[in-house]
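Observations on chain architecture
Each chain is listed here by its residues.
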Amino acid sequence: MSSNAHFAKQQESGQMDGREVEWQLASADLGPVRLWLADHGTIDGLVLEPRSTLQIFDTYLDTDDWRIHRAGFALRIRSESGKSEATLKSLHSASAEFADRRELSEMLDNSESESIRQSTGPVGTRVHAVTGAHALQPLFEVRTSRQRFAVRRENEAQDLGEIALDETVISRPHGEARTSMQRVEVEALTGAHEPLQSLVKTLRRDCALEAASDTKYSQGLKSVG
């Protein structure tokens, strides 16, 4: 089975076990990036197409003794468009040039942490094995408005990747906002990374962007102490 066919099969099942490859760029102002994207519908043989903006709500969780963190993962429940999804994401990247991390995900019946413990999917089974009888507790919440652009080659229908302009607010669980951040993220959706690497270099040069020094997870931990 090809990697694309395997990816599609996992999507249909609502479960994923693979790698996330993305470039994370810090931005003090997304305005110039929006203007750049509006002026570059096509660049270097790549087509950039606007997609709908998403409103995303994430809750990050762990046990009171940090069992998931100590196992090398971050755990979140994401609510988006009426659906809930649990994700385990490796804290360590396999590449120094971009984020290349293992990512497991599965759809949930609801956004309650107990639904993970009752699950028998790739996330639920691993969480249960690591946490045992220890309860999951919310660490912090992340609200993101994500403006998206699909990236594909000219004359090809399949998307190579996605550009996301994220405006994010990080808060204590059910509490006050602690910090905000703006990010440009470019995620690979296939194994063809070279065209996206070139696109990221152009984005960084033309929009004066720098590689992000930390992830939303690490920034969330810092913001709530």
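Since this is a predicted model, take the numbers as computed values, not measurements.

Points about the packing of aromatic side chains
Applying the stated criterion to the full structure yields four aromatic pairs. Taken together, the aromatic side chains of Tyr60, Phe140 and Tyr217 make up a single cluster linked through ring pairs.

A word on helix H6 (residues 194-207)
The first and last C-alpha atoms of H6 sit 20 Å apart over 14 residues, in line with the 20 Å expected at 1.5 Å per residue. Residues of H6 that are buried: Pro195, Leu196, Leu199, Val200, Thr202, Leu203 and Cys207. The arc that holds every buried residue of H6, seen down its axis, measures 165 degrees, which confines them to one face. Looking at H6, the residues exposed on the side facing more than 90 degrees away from the buried face are Glu194, Lys201 and Arg205. Count one or two residues on from H6 and you reach Ala208, which has phi positive near 55 degrees.

Some words on the pattern of salt bridges
This model, assessed by the stated rule, comprises 25 salt bridges. Here Asp65 and Arg67 are joined by a salt bridge, their closest N and O atoms 2.9 Å apart. Given a relative accessible area of 27%, Arg67 falls into the partly exposed group. For Lys216, the salt bridge identified is with Asp166, shortest N-O distance 2.6 Å. Of this pair, Lys216 sits in helix H7 (residues 216-223) while Asp166 sits in strand E9 (residues 159-171), placing them 50 residues apart in sequence. Grouping residues by exposure puts Lys216 and Asp166 together as buried. The network of salt bridges with common partners includes Glu20, Glu22, Lys89, Arg101 and Glu103.

A look at the confidence of the model for the protein
When pLDDT drops low, the exact placement of atoms in the prediction is not to be read closely. Averaged over all residues, the pLDDT of the protein equals 91, while 94% of them reach at least 70. Residue range residues 1-13 is modelled with pLDDT below 50. Its contacts to residues more than four positions away, or to other chains, number nine contacts.

Rules and cut-offs
Residues numbered from 1 in each chain as written. Predicted model: local features only at pLDDT ≥ 70, side-chain atom pairs only at ≥ 80, totals over all residues. Heavy atoms only, no water. Phe/Tyr/Trp six-rings, centres within 6.5 Å; stacked < 30°, edge-to-face > 60°. Helix = DSSP H or I, 4+ residues; strand = E, 2+ residues; numbered from the N terminus. Expected span 1.5 Å × (residues − 1). Buried < 20%, exposed > 50% of the residue type's maximum accessible area, 1.4 Å probe, protein only. Arc of directions from axis to C-beta. Salt bridge = Lys/Arg side-chain N within 4 Å of Asp/Glu carboxyl O. pLDDT = per-residue confidence, 0-100. Contact = heavy atoms within 4.5 Å.

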